[in-house]
Amino acid sequence: PHQFIELLPFANHLLPLPSLQAVGSDGVRISMESALTARDRVGVQDFVLLENHTSEAAFIENLRKRFKENLIYTYIGSVLVSVNPYKDLEIYTKNHMERYRGVNFYEVSPHVYAVSDNSYRSMRTEHKDQCILISGESGAGKTEASKKILQYYAVTCPASDQVETVKDRLLQSNPVLEAFGNAKTLRNDNSSRFGKYMDIQFDFKGAPVGGHILNYLLEKSRVVHQNHGERNFHIFYQLIEGGEEDLLRRLGLERNPQQYQYLVKVGDTRASLYGWVWNGTRQKSCNRGNCPKVSSINDRSDWKVVRKALSVIGFSEDEVEELLNIIASVLHLGNIQYGGEDSGNAYITTDTQIKYLARLKSPLNLEQASSARDALSKAVYGRTFTWLVNKINVSLTYKNASVIGLLDIYGFEVFQHNSFEQFCINYCNEKLQQLFIELTLKSEQDEYEAEGITWEPVQYFNNKIICDLVEEKFKGIISILDEECLRPGDASDITFLEKLENTVGGHAHLTTHKLADGKTRKVMGREEFRLLHYAGEVNYNVNGFLDKNNDLLFRNLKEVMCMSDNKILTQCFDRAELKDSKRPETAATQFKTSLAKLMEILMSKEPSYVRCIKPNDAKQAGRFDDVLIRHQVKYLGLMENLRVRRAGFAYRRHYETFLQRYKSLCPETWPSWQGKLADGVSTLVKHLGYKPEEYKLGRSKIFIRFPKTLFATEDALETRKHSLGERVTYHMVLVDGCHLLSLRTVAWWRGILACRRAQRKRQAANTIRRFIKGFIYRHNERCPENEYFLDYVRYSFLMKLRRNLPKSVLDKSWPTAPTALIEASEQLRKLYMQNMVWGYCKRINPEWKHQLEQKMVASEIFKNKKDNYPQSVPKLFMGTRLNGEEINPKVLQSLGSEKMKYAVPVTKYDRKGYKARPRQLLLTSNCAVIVEEAKLKQRIDYAALKGISVSSLSDGVFVLHVPTEDKKQKGDVVLQSDHIIETLTKVAICADKANSININQGSITFTMGQGKEGIIDFTSGSELLVAKAKNGHLSVTAPRLNSR
Ligand SMILES: Nc1ncnc2c1ncn2[C@@H]1O[C@H](COP(=O)(O)OP(=O)(O)OP(=O)(O)O)[C@@H](O)[C@H]1O
Ligand SMILES: [Mg+2]
């Protein structure tokens, strides 16, 4: 039935043919317009059609009516509002998916599938990347919505064999990331404790072929601390509840969460840091959730799902074991208890745990030791999570393709006690709201502009002021926090609070206990500051802000982690990090930067929105809490959204669609209109008696200002349908029924089909005509005659380019561009090359980088200057040509602590007689040394090395020049190396003398001591010959090479 309907749009409204009626009556495709008749019972499907659109009460009433009927989705224009039903509705079956596939947004009842399909089709037809932004507070249904969208693509998109694995992996990434990144909070039993942005990639056939996930700031503190009634990350409980006996034994775990401090027990001395703080009085209380079992969660069966998902994603058994080892270690780590020594140092009291852990012993006091332990647990867990995301990304194989991005990030949240994590989460929501405001307003305005319609701006609350308060350079809260974290002296959470008061105390959206009025002060702790977020007020307790923002880990703990046998951990803790003495960026600044990047990504795509609403705080089905919902409607800016949409026009439709639907209401347009579409619509609405203020005609669409105008038209259509039906019935009764009816029906259909055929032919002829004209005018400036053709040329060139992009930096191929695009093509080529080079540089490993750097130096010195340089290019430079055993230990001893950089066997030519002697040339960090077996014959400090001479030919002879006045030196040294390019490059680098290498033609003069000079003459010959010539010079014959 689905395909049939696609061929015959709207036919079901025009004639109640039996076969079509069957489709229409099963409720499959209640179009928005036809559903208007049922508007009183189930409200309107699009708030835009709400008569009383400025009334919040009417808005909420409409939501309520629909919620009662289990209609959880409603539109505001193209924005989908979704109310969490807290129960399984039968609206996510494969059949439902089919109903939404390829069908126009407005023709079916609102659904998250409609949004998915709309984005998909826009991506396919308009070739523009899409993104779907899902927002709403914690527990409102964002993650569920994102999963539904992913499932929709997995089921409805075309696929090939190879794609099946990608689909599976995309789907299976969810349970894994949820196990490691979600937890029960007071707001939501499956609350996302990290932000997630996922790109789903589609190939040219529209099949999903890959994906990529970006993760944002995991709430690591949860590993070591949870509020009462909350839990740690699901994976801990899943492992303990579901893990096989054998596995638990190997990991040293017991099947009882009560055994693990991080999961249940009352906390240690650090409790005070995280304990509850109310009205300024600090109460010590349990610092763990103490909540291992939750009725809505089945850890054991979730465990099975996660295990299976891990193998679908491509984890080997070993990798799974290593991963779980880390999870188990964190639990063991949490169980380490410290005792205090008299000296004040801490020692470990729980030795049973030690056998599973590297020994931790440090000169820390009790509190520092516990905090170091917790910092380690958080770092290990946090980094493992990032590793996991990377691993999934590798398995999804990122391709360059069209994408749909899905953003599911932690929702705005307010608890009794809000800390640094809530601050970050709510800041993130603030940024997304900002993006929403910019994009919805902008797109609305763009449409009016594109259609040439004048538009009056609408007032709305712009939360930019709050974003600035948080993130502005130098004076934003994050900058102030960073400053306190980085400054020397006795900075503390409290000095941070004071600095806030001094710097941004006057801001309209911030207050503190000290600055607040009497009423507010009553509900604020002394250590709190309050932000007036777009979504409401939140009091943040500053305790722990500095620590969490610094997010530091003791260096020796990092070192220990680098030495771990666990392959995952060695990837998480990189040695390079130990060498890096730069202070890492603070957590808040990193988060700010990553959010800014995210905004850029989202801005570059065509957005769609799902705005989730939570109906009650009790996680209960069927409960519609007015106050709670009104609050969300308010802060999500839904009323403003609606006003913006309505300030313009409630309803807009392409001329073709509008005419097709309502043409039966006007004799001139019925049964078909032959002229221009715009004229047809104009004729039609005049006939219907639309007043000029009720509508506007744009370039391709009609805009109708008030819903009532549309309702009236819709009612007229309803009547018309009846009268058509009656006419048919009339004929049935009058004449010998069925036969004539079928004849008339057939004739009527023939007419319609012929009309359509003619229309299609007209369109095809038009296209061909435009194309030919465009070809004739192709060399002209852009004009209406060639517009279409030039666009086509551009499009096909870009598509060709996309298929034929060079694969590597060395691949110089590039498709030839048509004349009009030569400049653009050249620009693109440069950009693409730059990008590839950049990518290449990013990927090279340190050794290779070192090699290339040396080659660079060699090239600068010798390229086009010395004959045997080209031969040296493909040969790798060695670290050294003599290893430790080949150098006499006495020599090494006499060099003492000087670090050896390079050693090579050389031939030395005596200053008198030019006898050849085998020697070793050693380069240390300070000097070059010439060695004869155990004897250190000559030492030339780099500072004393005046220059180096070498010939332009292919020989390996070179001279190290030393100052003549230096009595210790016996004159310049004449040497020969079989690896001349390498040897001299090393000398140049070690001695920093790249500019002091002279490449000579003909001969080199050198000093022999006591003011005498020697000369070396160079000539080309058939083979290498070094000998004393009759004139007393050293004569070097260098073999001729073909390369020059
Ligand atoms: N469409 C739906 N149908 C049925 N139940 C739903 C639906 N959406 C949400 N729920 C229920 O609500 C719970 C919370 O939803 P979800 O985890 O998606 O919230 P969230 O917005 O992602 O919250 P957080 O910001 O805390 O991650 C789900 O576990 C599920 O029980
Ligand atoms: Mg979530």
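Residues numbered from 1 in each chain as written. Chains lettered and ligands numbered in written order. Predicted model: local features only at pLDDT ≥ 70, side-chain atom pairs only at ≥ 80, totals over all residues. Heavy atoms only, no water.

Undergrad: Teacher, can you tell me more about the overall build of the protein here?
TA: Helix and strand counts for the protein come out as 39 helices and 31 strands. Counting over 1044 residues, the protein shows a buried share of 51%. (Helix = DSSP H or I, 4+ residues; strand = E, 2+ residues; numbered from the N terminus. Buried < 20%, exposed > 50% of the residue type's maximum accessible area, 1.4 Å probe, protein only.)

Undergrad: Would you explain the packing of helix H14 (residues 299-313) against helix H15 (residues 317-335) in this entry?
TA: Contact pair H14 / H15: the axes reach a minimum separation of 10 Å and the direction vectors enclose 130°. Relative to H15, the element H14 is oriented oblique. Within the contact between the two elements, H14 uses Trp303, Arg307 and Leu310 and H15 uses Glu317, Val320, Leu323 and Leu324. A class-by-class count of the residues in the contact of H14 with H15 yields five nonpolar, no polar and two charged. (Axes fitted to C-alpha atoms, helices over the stretch in contact; angles between N-to-C directions. Parallel < 35°, antiparallel > 145°, perpendicular 65-115°, else oblique. Contact = heavy atoms within 4.5 Å. Nonpolar A, V, L, I, M, F, W, Y, C, P; charged D, E, K, R; others polar.)

Undergrad: In this structure, what is going on with helix H28 (residues 626-635)? I would like to understand it.
TA: Residues three or four positions apart in an α-helix share a direction because the helix packs 3.6 residues into each turn. Turning to H28, its buried residues are Leu628, Ile629, Gln632, Val633 and Tyr635. Backbone nitrogen of Val627 and a side-chain oxygen of the N-cap are separated by 3.1 Å at the start of H28; the cap is Asp625. Positive phi shows up at Gly637, right after H28, with a value of about 70°. (Polar contact = N/O pair within 3.5 Å; in protein donor to acceptor, adjacent residues only side chain to side chain.)

Undergrad: Looking at this structure, how should I read helix H31 (residues 677-688)?
TA: The terminal C-alpha atoms of H31, which comprises 12 residues, lie 16 Å apart, in line with the 16 Å expected from a rise of 1.5 Å per residue. Listed as buried for H31 are Gly680, Val681, Ser682, Leu684 and Val685. In this structure, the buried residues of H31 make contact with helix H30 (655-662), strand S18 (695-697) and strand S19 (701-704). Of the residues flanking the end of H31, it is Gly689, one or two places downstream, whose phi is positive at about 80°. (Expected span 1.5 Å × (residues − 1).)

Undergrad: Can you walk me through the nonpolar core in this structure?
TA: It is characteristic of soluble globular proteins that their nonpolar side chains tend to be buried jointly. Within the largest apolar cluster, 95 residues are counted, with the highest numbers of intra-cluster contacts made by Tyr153, Phe180 and Phe236. The greatest single-element share of this core, amounting to 12 residues, is contributed by helix H17 (residues 366-396). Beyond its immediate chain neighbours, meaning those up to four positions away, Phe180 contacts Leu218, Phe233, Ile235, Leu323, Ile327, Tyr381, Phe385 and Leu388. Listed in part, the 87 residues of the second largest apolar core include Ile60, Ile478, Leu598 and Val633. (Core = buried A, V, L, I, M, F, W, Y, C linked by side-chain atoms within 4.5 Å.)

Undergrad: Where do I start with the pattern of salt bridges in this structure?
TA: Two side chains bearing opposite charge may form a pair once their charged atoms approach each other closely. Inspection of the entire model under this criterion finds 47 salt bridges. What emerges from the salt-bridge pattern is a single network uniting Arg193, Glu219, Arg222, Glu230 and Glu413. (Salt bridge = Lys/Arg side-chain N within 4 Å of Asp/Glu carboxyl O.)

Undergrad: What is the right way to read the packing of aromatic side chains from this model?
TA: Any aromatic ring pair is given by two values, namely how distant the centres are and how the planes are angled relative to each other. All chains considered together, the criterion is met by 35 aromatic pairs. Note on Phe194 and Phe385: the rings are 5.0 Å apart at their centroids and 70° apart in plane angle, and the pair reads as edge-to-face. Placement of the pair is Phe194 in the loop between strand S5 (191-192) and strand S6 (195-202) and Phe385 in helix H17, with a sequence separation of 191 residues. This pair shows no difference in class: Phe194 is buried, exactly as Phe385 is. Seen in terms of ring centroids, Phe529 and Phe545 are 5.8 Å apart; in terms of plane orientation they differ by 75°. Their pairing is edge-to-face. Taken together, the residues Phe529 in strand S14 (residues 528-533) and Phe545 in helix H23 (residues 545-550) connect sequence positions 16 residues apart. Assigned by exposure class, Phe529 and Phe545 land together as buried. Grouping aromatic residues by their ring pairs yields a cluster made of Tyr92, Tyr100, Tyr113, Tyr120, Tyr152, Tyr153 and Phe202. Lys148 extends its terminal NZ or CZ atom over the ring of Tyr92, reaching a point 4.4 Å from the ring centre. (Phe/Tyr/Trp six-rings, centres within 6.5 Å; stacked < 30°, edge-to-face > 60°. Lys NZ or Arg CZ within 6 Å of the ring centre and 35° of its normal.)

Undergrad: Sorry, what's going on with the coordination of the magnesium ion (ligand 2) here?
TA: Tetrahedral coordination by four donors puts the ideal angle at the metal at 109.5 degrees, and octahedral coordination by six puts it at 90 or 180 degrees. Only Thr143 (OG1) and Ser192 (OG) from the protein coordinate the magnesium ion (ligand 2), and they sit 2.0 to 2.1 Å from it. Highlighted residues: Thr143 in helix H9 (residues 142-156) and Ser192 in strand S5, separated in sequence by 49 residues. (Donors = N, O, S within 2.8 Å, 3.2 Å for Na, K, Ca; no water.)

Undergrad: Can you help me understand the site of ligand 1 in this one?
TA: The full set close to ligand 1 counts 19 residues, and Ser138, Gly139, Thr143, Ser191 and Ser192 are the nearest of them. Between Asn188 and ligand 1, the recorded distance is 2.9 Å, taken from a side-chain N or O atom to an oxygen atom. If ligand 1 stood free it would expose 630 Å²; the protein chains cover 87% of that surface. Looking at the shell around ligand 1, the elements that each hand over two or more residues are H9 and S5. The element contributing the most residues to the shell around ligand 1 is H9, with three residues. Among the residues forming the shell around ligand 1, the class breakdown is five nonpolar, 10 polar and four charged. (Near = heavy atom within 4 Å. Areas by Shrake-Rupley, 256 points an atom, 1.4 Å probe, with all protein chains shown as cover.)

Undergrad: Looking at this structure, I do not really get the environment of Phe624. What am I missing?
TA: Secondary-structure assignment places Phe624 in the loop between strand S16 (606-613) and H28. Assessed through its relative accessible area of 11%, Phe624 is described here as buried. Apart from the residues lying within four places of it in its own chain, the contact partners of Phe624 are Ile60, Leu63, Arg64, Phe67, Pro615 and Ile629.

Undergrad: Can you walk me through the sheet that holds strand S23 (residues 935-941) in this structure?
TA: The strands making up a sheet are joined through hydrogen bonds of the backbone, oriented either antiparallel or parallel. Overall, mixed pairing links the eight strands, which are arranged S23-S22-S21-S20-S26-S25-S24-S27 in an open sheet. A single partner strand is all that each edge strand has here, and the edge strands are S23 and strand S27 (997-1000). For this sheet the average axis-to-axis angle between neighbouring strands, irrespective of direction, equals 30°. Bridge analysis of strand S20 (residues 900-909) against strand S21 (residues 916-924) gives nine bridges, and the strand direction is antiparallel. By the bridge assignment, Met900 is partnered in S21 with Thr924. (Pairing = 2+ DSSP bridges.)

Undergrad: Sorry, what's going on with the UniProt feature "binding site: ATP" (unreviewed entry) in the protein here?
TA: Feature annotation in UniProt places "binding site: ATP" (unreviewed entry) on Gly136, Glu137, Ser138, Gly139, Ala140, Gly141, Lys142 and Thr143, given in this structure's numbering. Along the chain, the position of Ser138 falls in the loop between strand S3 (130-135) and H9. On the accessibility criterion, Ser138 (3% relative accessible area) is buried. Setting aside anything within four residues of it in sequence, one finds Ser138 in contact with Arg187, Asn188, Ser191, Gly411, Phe412, Glu413 and Lys614. Its place among the elements puts Gly139 in the loop between S3 and H9. Classification of Gly139 by relative accessible area gives buried; the value is 8%. The residues touching Gly139, leaving out its near neighbours within four places in the chain, are Asn84, Tyr86, Arg187, Asn188 and Lys614. (UniProt positions renumbered as here; feature names shortened; annotations may be inferred.)

Undergrad: Teacher, can you tell me more about the sheet that holds S19 here?
TA: The strand order S17-S19-S18 describes an open sheet built from three strands, whose pairing is antiparallel. Lying at the two open borders of the sheet, with one neighbouring strand each, are strand S17 (651-654) and S18. Within the sheet, the average angular offset between the axes of one strand and its neighbour, ignoring direction, is 15°. The pairing of S18 with S19 spans three bridges and is classified as antiparallel. Residue pairing for S19: Lys696 is matched across the bridge by Phe703. Along the sheet, H30 makes contact with S17, S18 and S19, crossing S17 at roughly 95°.

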